[in-house]
Structure formats: structure tokens, C-alpha cells
Amino acid sequence: MNHLEAEIKGMPTRTDLLVSYIARERAFKGIGDVRAAALGKRFGTNLREAILSIDEDVIHIVGEVPAITAATVMSIREAETVFLKWLDDLQVNVSEAKAIRLSRAWGTKGIRSIQQNAYLLLAIADWKVIDDIALASGIEDGDMRRDVAALEAVLMSKACLARGSTRLPIQKAKNQAE
């Protein structure tokens, strides 16, 4: 068994978003699935910081040139990598592709706003995903931001705006909200 296979042995079944991103994003030349998994196994939640600092173990796992390239890419694509790490830390179920699209659309300042109020994403993602992110990020059940977002979700649903109107009988609104 070579060094990389040993690093991967015992990897959890859920691959985190940042490891998946590094493995599949072409800009991280010379890394791929096996080396990205080894990095994830070695550094866990500190992976982003290890790559940015060009840690000796990063060089050992991927080689010097890919390590330098990865640090450069990670620095240039800060909004994406910060958002992916944040979602990983929250352990919410968001696909890598959706997370990358969101981070590219919102940029660095937008990501900071989303981290303070995940319900800002409601217009571009479904209630369940956004509510999971918001609750995991510390927004509490009775928080006004959640209440407002729940109302928005109902108004944007098939029962309302999808039909071309925000008019909704009170009982339907209650059913939708539950």
C-alpha cells in the first residue's frame, strides 16, 4: 500500500464540499480525487488554512507545484472556498455544484451577508435547504428572520406567485406554513 492509499484508509463516507471541490475543479492541477481525499483525511476542517499556508504535509501529499498552485487558486477563489468551508462546518446537505454557483453569484461581501442571514438565499433555493442552513448557523426557531422567510416561502410557492397572485386564503396559508 502506498502513502496516499494509507492516508485515505478510514475516510468517512460523506466527502466534504471543499475536498470534493478541490478534487473536481480543474484549476487544482495535479490533485484529483485520491490526493484531495488524502488532504481531507490529514487536515479535516483545517484543510483550507493548510493549503493557503502551503503546509509541509500538503507538499508531501500532492507535490510542491500542485501545492503552490492550490494555494494560489484557493486565494483567488476566496469567496467559493470560504463558503464551502462554512457549509461543511455546518454539516448541511447542499451539493457542491449549488454551493459553488451560490458563492460565485454572491461574491465575498454577499457570502458574509448570507452567513449572517441564510434566508437571503430563499429566492434561489428551496425552503428546506435554506432553513437547514439557517438553523445550523445559529438562527433560532423564533427568530424574526425565520418568520419573515417562512412567509416569503409561502408567497413564492405554487399556491401564490406561481399562479400569478399573492392572494391566498388564510387556511391555505396556514397549511403551507406548517
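Residue numbers restart at each chain and count upward from 1, following the sequence in its written direction. Owing to the predicted nature of the model, reporting of local features is limited to residues with pLDDT of at least 70; listing and counting of side-chain atom pairs is limited to 80 or more, with chain, interface and lining totals taken over all residues. Side-chain figures throughout are based on the complete set of non-hydrogen atoms in the structure, without hydrogens or water.

Looking at the overall build of the chain
Only DSSP runs of H or I with at least four residues qualify as helices, and only runs of E with at least two residues qualify as strands; both kinds are numbered from the N terminus onward. Tallying secondary structure elements over the chain gives 11 helices and zero strands in all. Ordering the α and β elements of the chain from the N terminus gives α-α-α-α-α-α-α-α-α-α-α. Whether two residues are in contact is decided by their heavy atoms, any of which lying within 4.5 Å being enough. Long-range contacts, defined here as pairs at least 24 residues apart, represent 51% of the contacts in the chain between residues at least 6 apart. Summed over all atoms, the accessible surface of the chain reaches about 10,300 Å², with 51% contributed by carbon and sulfur. Residue-level accessible areas treat just the shown protein chains as cover; the underlying method is Shrake-Rupley with a 1.4 Å probe.

Notes on the packing of aromatic side chains
Paired rings are identified among Phe, Tyr and Trp, the last through its six-membered ring, by centres lying within 6.5 Å, and are further divided according to the angle between planes into stacked (under 30 degrees), edge-to-face (over 60) and tilted (the rest). Counting across every chain of the model gives three aromatic pairs. Between Phe83 and Trp86 the ring centres are 5.9 Å apart and the planes differ by 25°, which places this aromatic pair in the stacked class. Here Trp86 and Phe83 lie together in helix α7 (residues 78–90), a separation of three residues that amounts to about one turn. Of the two residues, Phe83 and Trp86, both sit in the buried class. The rule is short: NZ of Lys or CZ of Arg within 6 Å of the ring centre and within 35 degrees of the ring normal puts a charge over the ring. A cation over an aromatic ring shows up here: Arg42 above the ring of Phe43, its NZ or CZ 4.6 Å from the ring centre. Buried, partly exposed and exposed residues are distinguished by accessible area as a fraction of the type maximum, computed with a 1.4 Å probe on protein chains only: under 20%, between the cut-offs, and over 50%, respectively.

Details of the pattern of salt bridges
Charged atoms that come close allow side chains of opposite charge to pair. Here, a salt bridge means any Lys or Arg side-chain nitrogen found within 4 Å of an Asp or Glu carboxyl oxygen. All told, the structure shown has 10 salt bridges when counted by the stated rule. The partner of Arg104 in a salt bridge is Glu25, with the nearest N and O atoms 3.5 Å apart. Of this pair, Arg104 sits in helix α8 (residues 96–116) while Glu25 is found in the loop between α2 (17–24) and α3 (32–43), placing the two residues 79 residues apart along the sequence. Since its relative accessible area comes to 47%, Arg104 is described here as partly exposed. Note that Glu80 and Arg104 form a salt bridge whose closest N and O atoms lie 2.5 Å from each other.

Observations regarding the confidence of the model for the chain
Each residue carries a pLDDT score, the predictor's own confidence in it, on a scale running from 0 to 100. Averaged over the chain, the pLDDT score is 81; the fraction of residues at 70 or greater is 80%. When mean pLDDT is compared element by element in the chain, helix α5 (residues 56–62) scores highest at 97, while helix α1 (residues 3–8) scores lowest at 37. Residue range residues 1–15 is modelled with pLDDT below 50. Its contacts to residues more than four positions away, or to other chains, number 23 contacts.

Quick notes on helix α9 (residues 127–136)
By the burial criterion, the buried members of α9 are Val129, Ile130, Asp131, Ile133 and Ala134. Its buried side turned inward, α9 meets α7 and α10 (144–155). Here a polar contact is recorded for every N or O atom pair within 3.5 Å, except that within protein the pair must consist of a potential hydrogen donor and a potential acceptor, and residues adjacent in sequence are included only if both atoms are side-chain atoms. Capping of α9 at its N-terminal end is provided by Asp126; its side-chain oxygen lies 3.2 Å from the backbone amide nitrogen of Lys128. With its phi angle positive at about 110°, Gly138 sits one or two positions after the end of α9.

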